[in-house]
Amino acid sequence: MAIGPDGKFYPSPAEDDPPEAPEDAGHGISKFQQIQRQAARARKIQEEQFKKDQATFLSALEDVEDAPDNPEDANEDSGDDLFGDIDKAIALKRKEFVKQGLLKPNPKKEKVTEVGVEPIEELLPEEEVDLEEIHELQGRTAVPNEINSNDEVSDLNYVGSSSSMSFDLDVDNYGKSKARIVEPKFKMTLAELLDESKVVPVSVYGNIEIEIRGIQHDSREVNSGDLFVCCVGMKTDGHLYLTEADKRGAVAVVASKEINIDETLGCKALVIVEDTNSVLPALAASFYRNPSKSMSVIGITGTNGKTTTSYLIKGMYEAMALRTGMLSTVAYYIHGDNKLDSPLTTPDSVLVQKLMAKMLHNGTEAVVMEASSHGLALGRCDEIDFDIAVFTNLTKDHMDFHSSEEEYRDAKAKLFTRMVDPDRHRKIVNIDDPHAPFFIAQGNPDVPVVTYAIENKSADVHPIKFELSLFETQVLVNTPQGILEISSGLLGKHNIFNILAAVAVGIAVGAPLEGIVRGIEEVDAVPGRCELIDEEQAFGVIVDYAHTPDALSRLLDSVRELGPRRVITVIGCGGERDRGKRPMMAKIAVDKSDVTLLTSDNPRTEDPLDILDDMLAGVGLTMQDYLKYGENDYYPPLPNGHRLFLHDIRRVAVRAAVAMGEEGDMVVVAGKGHETYQIEGDKKEFFDDREECREALQYVDELHQAGIDTSEFPWRLPESH
Ligand SMILES: Nc1ncnc2c1ncn2[C@@H]1O[C@H](COP(=O)(O)OP(=O)(O)O)[C@@H](O)[C@H]1O
Ligand SMILES: [Mg+2]
């Protein structure tokens, strides 16, 4: 907290503590009472749950022997280990139930081993293999090179001799599919690779029996033993980087021009082909042994909703106990919670094959993949054996890359042209979109189609009714297999489409209805996509990555549809980027929000106040005008009645916006979404809108308790001062 020269309170961007709250502040309820109420509520929920689960508990304890009355005895054979403690706890619980008359007594038997049942001491070799396979399938196999020599005790020894078991359960992740991820190694000779990939060279020089250990088209990524493919890009030509690739250890080159490898250090072979770009996917797929053929691959194409739908489908497949990987613009997952570092760019065809090979090697059974039109047009998804194609919608975005709408549509349709086998392939199409018939017509017309829509009631999957709110989305979905009731933390009508798309995939693969519902409900947020920040406040707070006029406009429209009392928006524009969009963004924000806070979003080397000045122009103001209002400590409403404030420090703007939130409002922090940085000057620092919102909610709680009115900006001193 800082007091400006004007004597007003400004929230400090630093982490310093807010003023102390007087004992009885906080709307008549002390913090202590609040905690007590929460605890009572939690206890009640726990008790209810316990009653519900009682039958299960009772049947689980039915066969357990009674605990001896003398506690010393109980200690005797269980020792100090955790399992002893658990046994003891179970026995005591049982005793309690017996006392309540819920279970019959079951006194300790004299002889433990019953006739006919031999305790298992050792497994036969073939049984060990079976178990190994089971563990492998469950993703529980330890990585061989990570086992140290005196730790040869495998899972197998756990059977029958719990005493020798070391206890290293990862409690946080217990029950989730956290597994140690193994990096597979691949190698093959250049001759084999050409043969497998059916690439027909124009000519070949040197030793094609050379062993290849990787494929690269970016010279900076080349490692020793790699094959370097000289691709021709829009900006540069891989043929120019042969020397660098060679220095980094490339052992062979694929090129489309006659180049000389005599002078190179390590390049032992040169393959000349007609078009390097077009052979790259085939080379990569063969090198990594076509992993997509051994997994079920779901491709999602469309202008909007790909990432969200990917998360939902992954959730649904995981709920069906299928280990499911994901390649999305937000994150890559091998399966379960095993996330790889965030992607910097869309994966190219080599990386896609490599990641899929890694997934398969680690037991992944299905992969959900965003197939952007860009990626499809550039052949990144060539050689991927898709099983299911999903089409979400098509609007006129991305026209900068594709020269015409037809070309854009055709790029997206590439995924559907692969749907040719009626036994294996499935098409999932949103028939509310006017382009649906075009997509359905691609590939083989006999391939089954599952349609979904909100408006078109003839769709296989459509909502009977739905309810949108600031905190959740509820939808009753009609499917050919029955009616599903889904409630989701994904907000907005557009997410109903995404939920329907996931349901349609579930229907297409014959997923149990219960699994579809559970899987979809488990996805409570998609990073940076209308991501709800819930600290149990009385108003909504969402973080979204909308950073273009079009996206911001759609976001604010869908927020308005949720029926908030007011919309309070935080938005900024990047420095050194498209100046033209600055006034547009401000205008959209101000038109569609009751309160707007303009702020910085990666100003880079530009002065944040200059960027804000450009934004203000969109609402017919200049920075001078704005500052003038500040002198009188009053920023009058704009002609449309809406309010506008600005602060160049994003943390302050977020705190101010959250502080203004009152019951029924929706605070929208837009622009960054899942990105976790702010670039100022040439410094890139960690900054996460989601964390900032959480902190702001706490901070503001304390401010309110101190009696500070935060409904205006900047904040005024409390009355008493
Ligand atoms: N089905 C949909 N229809 C229209 N707009 C959508 C849909 N799903 C999401 N959106 C909007 O597009 C934004 C991006 O969503 P996302 O799931 O990341 O899509 P994509 O991966 O296709 O870019 C969301 O924040 C939302 O505003
Ligand atoms: Mg995406």
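Parameters and conventions
- Residues numbered from 1 in each chain as written.
- Chains lettered and ligands numbered in written order.
- Predicted model: local features only at pLDDT ≥ 70, side-chain atom pairs only at ≥ 80, totals over all residues.
- Heavy atoms only, no water.
- UniProt positions renumbered as here; feature names shortened; annotations may be inferred.
- Near = heavy atom within 4 Å.
- Polar contact = N/O pair within 3.5 Å; in protein donor to acceptor, adjacent residues only side chain to side chain.
- Areas by Shrake-Rupley, 256 points an atom, 1.4 Å probe, with all protein chains shown as cover.
- Helix = DSSP H or I, 4+ residues; strand = E, 2+ residues; numbered from the N terminus.
- Buried < 20%, exposed > 50% of the residue type's maximum accessible area, 1.4 Å probe, protein only.
- Donors = N, O, S within 2.8 Å, 3.2 Å for Na, K, Ca; no water.
- Axes fitted to C-alpha atoms, helices over the stretch in contact; angles between N-to-C directions.
- Parallel < 35°, antiparallel > 145°, perpendicular 65-115°, else oblique.
- Left-handed = near helix turned anticlockwise from the far one by under 90°.
- Contact = heavy atoms within 4.5 Å.
- Nonpolar A, V, L, I, M, F, W, Y, C, P; charged D, E, K, R; others polar.
- Salt bridge = Lys/Arg side-chain N within 4 Å of Asp/Glu carboxyl O.
- Phe/Tyr/Trp six-rings, centres within 6.5 Å; stacked < 30°, edge-to-face > 60°.
- Lys NZ or Arg CZ within 6 Å of the ring centre and 35° of its normal.

Taken verbatim from the UniProt record of the protein, the Subunit (unreviewed entry) comment is "Component of the plastid-encoded plastid RNA polymerase (PEP) complex."

**Overview of the site of ligand 1**
Around ligand 1 there are 15 residues in total, and Gly305, Lys306, Thr307, Thr308 and Arg529 lie nearest to it. At a separation of 2.7 Å, an oxygen atom of ligand 1 approaches a polar side-chain atom of threonine 307. In the model, an oxygen atom of ligand 1 is placed 3.2 Å from a nitrogen or oxygen of the aspartate 544 side chain. A total of 560 Å² of accessible area belongs to ligand 1 in isolation, and the protein chains cover 88% of it.

**Notes on the side chain of serine 593**
When you line up the elements, serine 593 lands in the loop between α16 (581–592) and β24 (595–600). Take serine 593: its relative accessible area is 0%, and that puts it in the buried class. Engagement of the side chain of serine 593 in a polar contact is seen with the side chain of threonine 569, the distance being 2.7 Å. Side-chain polar atoms of serine 593 contact the backbone oxygen of alanine 589, separated by 2.5 Å.

**Regarding the coordination of the magnesium ion (ligand 2)**
At 2.1 to 2.4 Å from the magnesium ion (ligand 2) lie its protein donor atoms, namely Thr307 (OG1), Thr329 (OG1) and Glu370 (OE). Each donor residue of the magnesium ion (ligand 2) belongs to the same chain, with the gaps between them written as T-x21-T-x40-E. With a gap of 41 residues between them, threonine 329 in the loop between β11 (324–327) and β12 (332–335) and glutamate 370 in strand β14 (residues 366–370) connect regions that are remote in the sequence. Judged by relative accessible area, which is 44%, threonine 329 ranks as partly exposed.

**What to know about the packing of α16 against helix α17 (residues 608–617)**
For any two helices packed against each other, the geometry comes down to the angle between their axes and how far apart the axes lie. With their axes 6 Å apart at the nearest point, α16 and α17 run at an angle of 60° to one another. With respect to their mutual orientation, α16 and α17 come out oblique. As α16 packs across α17, the resulting crossing turns out to be right-handed. In this structure, α16 contributes Arg582, Pro583, Met585 and Ala586 to the contact, and α17 contributes Ile611, Asp614, Met615 and Ala617. Classifying every residue of the contact of α16 with α17 gives six nonpolar, no polar and two charged.

**Some words on the pattern of salt bridges**
A full pass over the atoms with the stated rule returns 32 salt bridges. In this structure, the salt-bridge partner of lysine 358 is glutamate 183, at a minimum N-O distance of 2.8 Å. Taken together, the residues span a long stretch of sequence, with lysine 358 in helix α9 (residues 349–361) and glutamate 183 in the loop between α4 (125–137) and β3 (188–189) at a distance of 175 residues. Classification of lysine 358 as buried rests on a relative accessible area of 11%. Glutamate 183 sits in the partly exposed class, given a relative accessible area of 40%. Through salt bridges with shared partners, one network takes in Arg565, Arg566, Glu662 and Asp665.

**Some points on the packing of aromatic side chains**
Inspection of the entire model under this criterion finds nine aromatic pairs. The interplanar angle of 50° and the centroid separation of 6.3 Å between the aromatic rings of phenylalanine 186 and phenylalanine 287 together place this pair among those described as tilted. With phenylalanine 186 in the loop between α4 and β3 and phenylalanine 287 in helix α7 (residues 276–287), this residue pair connects regions lying 101 residues apart in the sequence. As far as burial versus exposure is concerned, phenylalanine 186 and phenylalanine 287 are alike and both buried. Ring centres of phenylalanine 186 and tyrosine 288 lie 5.2 Å apart, and the angle between their planes is 80°; this geometry places the pair in the edge-to-face category. Here tyrosine 288 lies in the loop between α7 and β10 (296–301) and phenylalanine 186 lies in the loop between α4 and β3, a separation of 102 residues in the sequence. One exposure class covers both phenylalanine 186 and tyrosine 288, and it is buried. Three or more aromatic residues joined by ring pairs make a cluster, and in this case those are Phe391, Phe416, Phe438 and Phe439. Stacked on the ring of tyrosine 333, the Lys or Arg lysine 314 has its end atom at 4.6 Å from the ring centre.

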